[in-house]
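# Coordinate inspection notes
Next come the chains, spelled out residue by residue.
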Amino acid sequence: MATFELYRRSTIGMCLTETLDEMVSNGILSPELAIQVLVQFDKSMTEALESQVKTKVTIKGHLHTYRFCDNVWTFILQDAVFKSEECQETVSRVKIVACDSKLLTQ
């Protein structure tokens, strides 16, 4: 999995992929153009997260599983509590995928 493809597993990324697949199947888009759209989506997500996200969040929970593969950390937490200055939210299960931001520019 390429680093940029992390965002494709989000809800919006999966919906975009399904829509592009349907458009390619119906002959509305060429496969090459669909790939270009996905690459631009990945870059846009990275830029938006770098420039627009300013809130810091603390996460605490019970570590269920963790792994490090291809410079990517994956953590699965149970009963995770997300705290920011404004609010607190509890989630029964969450998967966190993290990688070195320097890899995104390669």
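Conventions and cut-offs
- Residues numbered from 1 in each chain as written.
- Predicted model: local features only at pLDDT ≥ 70, side-chain atom pairs only at ≥ 80, totals over all residues.
- Heavy atoms only, no water.
- UniProt positions renumbered as here; feature names shortened; annotations may be inferred.
- Helix = DSSP H or I, 4+ residues; strand = E, 2+ residues; numbered from the N terminus.
- Buried < 20%, exposed > 50% of the residue type's maximum accessible area, 1.4 Å probe, protein only.
- Areas by Shrake-Rupley, 256 points an atom, 1.4 Å probe, with all protein chains shown as cover.
- Pairing = 2+ DSSP bridges.
- Expected span 1.5 Å × (residues − 1).
- Axes fitted to C-alpha atoms, helices over the stretch in contact; angles between N-to-C directions.

In the annotation of an unreviewed UniProt entry, the entry for the chain reads Transcription initiation factor IIA subunit 2, and the organism field reads Nicotiana attenuata. Regarding the chain, the relevant UniProt record gives this comment under Sequence similarities (unreviewed entry): "Belongs to the TFIIA subunit 2 family." Taken directly from UniProt, the Function (unreviewed entry) text for the chain runs: "TFIIA is a component of the transcription machinery of RNA polymerase II and plays an important role in transcriptional activation."

Each helix and strand in the chain was counted, giving two helices and three strands. Reading the secondary structure of the chain in the N-to-C direction produces α-α-β-β-β. Looking at the chain residue by residue over its 106 residues, the buried ones come to 18%. Accessible area of the chain: about 8,100 Å², with a carbon and sulfur share of 54%.

Next up on the list: the pairing of strand E2 (residues 72-83). Inspection of the sheet shows strand E1 (residues 58-69) paired to E2 by 10 bridges, in the antiparallel sense. Bridge pairing links Cys69 to Val72 in E2. Where E1 folds back onto E2 in an antiparallel hairpin, the turn is made up of two residues, including Asp70, whose phi is positive at roughly 55°. Relative to strand E3 (residues 88-99), E2 runs antiparallel, the two sharing 11 bridges. Bridging from a neighbouring strand, Val81 pairs with Thr90 of E3. Here E2 folds back onto E3 in antiparallel fashion, the turn holding four residues.

What follows covers the environment of Cys87. Inspection of the secondary structure assignment puts Cys87 in the loop between E2 and E3. Residue Cys87 is classed as partly exposed on the basis of its relative accessible area, which comes to 48%. Considered as a pair, Cys87 and Val57 are 30 residues apart in the sequence and their alpha carbons are 9.7 Å apart.

What follows concerns unusual backbone geometry. Its identity is not glycine, yet Asp70 carries a phi of approximately 55°, on the positive side. In this fold, Asp70 is placed in the loop between E1 and E2. When its relative accessible area of 65% is taken as the criterion, Asp70 is described as exposed.

Glancing now at helix H1 (residues 11-25). Its 15 residues place the ends of H1 21 Å apart at the C-alpha level, agreeing with the 21 Å of an ideal helix rising 1.5 Å per residue. Downstream of H1 by a residue or two, Gly27 has a phi angle that is positive, lying close to 80°.

With that out of the way, let us pick up the sheet that holds E3. In space, the three strands of this open sheet follow the order E1-E2-E3, with antiparallel pairing throughout. Only two strands of the sheet have a single neighbouring strand rather than two, namely E1 and E3. Going from strand to strand, the sheet's axes swing by 15° on average, the running direction of each strand aside.

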